[in-house]
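# Report on the structure
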Amino acid sequence: MRKLLLVLVFLVIYVLHQDIWFWTTARPFVFGFMPVGLFYQACFSVLAALFMWLLVRFAWPGHLEQEVEQVTGGGDADGKEVRR
């Protein structure tokens with residue numbers, strides 16, 4: 001269920017990225033100086049970063065990390081013990 005929700009959020013973000021409604025005008029200005037399209041893209045970038053955090057938090061394949069830790073003995077590439 002959680003992965004389905006993440007896929008749906010991805011599709012919504014994909015549609016929002018196609019900001020065709022701000023292509024023809026730079027007005028109104030946000031905060032008196034920033035064109036609305038630029039402000040939209042800045043907000044979209046923050047939304048995309050938050051979504052990537054959600055993906056890492058809830059859809060990261062942790063079982064792959066466990067397999068690597070079992071093979072390498074829990075150390076890093078130099079053979080040093082990794083502290084958690």
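These notes cover the structure that comes with them. The structure presented is a predicted model; accordingly, all values stated were derived computationally and were not measured.

### Thoughts on a nonpolar patch on the surface
Judged by side-chain polarity, M1, L4, V7, L8, F10, L11, Y14 and V15 come together as a nonpolar surface patch covering roughly 880 Å² of accessible area. Structurally, M1 can be placed in the segment before α1 (2–17). On the basis of relative accessibility, which here comes to 84%, the residue M1 falls in the exposed class.

### A word on the packing of aromatic side chains
Tallying each qualifying case throughout the model produces three aromatic pairs. An angle of 85° between the planes, with centres 5.8 Å apart, marks the rings of F31 and F39 as edge-to-face. A residue is classified by how much of its surface remains accessible, and F39, at 27% relative accessible area, is partly exposed. By way of ring pairs, the aromatic residues F10, Y14 and F51 are connected into one cluster.

### A look at the packing of α1 against helix α2 (residues 36–59)
Packing of α1 against α2 brings their axes to within 11 Å, and their N-to-C directions diverge by 165°. Taken as axis vectors, α1 and α2 run roughly antiparallel relative to one another. As for the relative orientation of α1 and α2, their crossing is left-handed in sense. Contact residues: R2, L6, V9, F10, I13, L16 and H17 in α1; Y40, Q41, F44, L47, F51, L54, L55, F58 and A59 in α2. In the contact of α1 with α2, the residues fall into 13 nonpolar, two polar and one charged.

Procedures and definitions
- The numbers attached to residues start from 1 for each chain and follow its sequence in the written order.
- Given that this is a predicted model, residues contribute local features only at a pLDDT of at least 70 and side-chain atom pairs are listed and counted only at 80 or more, while totals for whole chains, interfaces and linings are drawn from all residues.
- Each side-chain value is worked out from all heavy atoms of the structure, with water and hydrogens disregarded.
- Here a patch means residues that are over 30% exposed by relative accessible area and free of salt bridges, tied together within 9 Å if like-charged and within 5 Å if nonpolar (Val, Leu, Ile, Met, Phe, Trp, Tyr).
- Computed with the Shrake-Rupley method and a 1.4 Å probe, the accessible areas treat only the protein chains shown as cover for residues.
- One speaks of a salt bridge when a side-chain nitrogen belonging to Lys or Arg is within 4 Å of a carboxyl oxygen belonging to Asp or Glu.
- Where helices and strands are cited, they refer to DSSP runs of H or I of at least four residues and of E of at least two residues respectively, numbered from the N terminus.
- A simple rule labels every residue: compare its accessible area, found with a 1.4 Å probe on the protein chains alone, to the largest value its type can have, and call it buried under 20%, exposed over 50%, or partly exposed in between.
- Between rings of Phe, Tyr and Trp, where Trp is taken as its six-membered ring, a pair exists when centres lie within 6.5 Å; planes separated by under 30 degrees are stacked, by over 60 edge-to-face, and by other angles tilted.
- In this description, a line fitted to the C-alpha atoms serves as the axis of each element, helices being fitted only across the stretch in contact, and the angle between N-to-C directions of two axes falls anywhere from 0 to 180 degrees.
- Throughout, the term roughly parallel applies to angles under 35 degrees, roughly antiparallel to angles over 145, roughly perpendicular to angles from 65 to 115, and oblique to all others.
- Note on convention: near helix rotated counterclockwise from far helix by under a right angle means a left-handed crossing. Clockwise means right-handed.
- Contacts: residue pairs with any heavy atoms within 4.5 Å of one another.
- Polar here means any residue outside two lists: the nonpolar Ala, Val, Leu, Ile, Met, Phe, Trp, Tyr, Cys and Pro, and the charged Asp, Glu, Lys and Arg; Gly therefore counts as polar.

These figures come from the coordinates and say nothing about function on their own.
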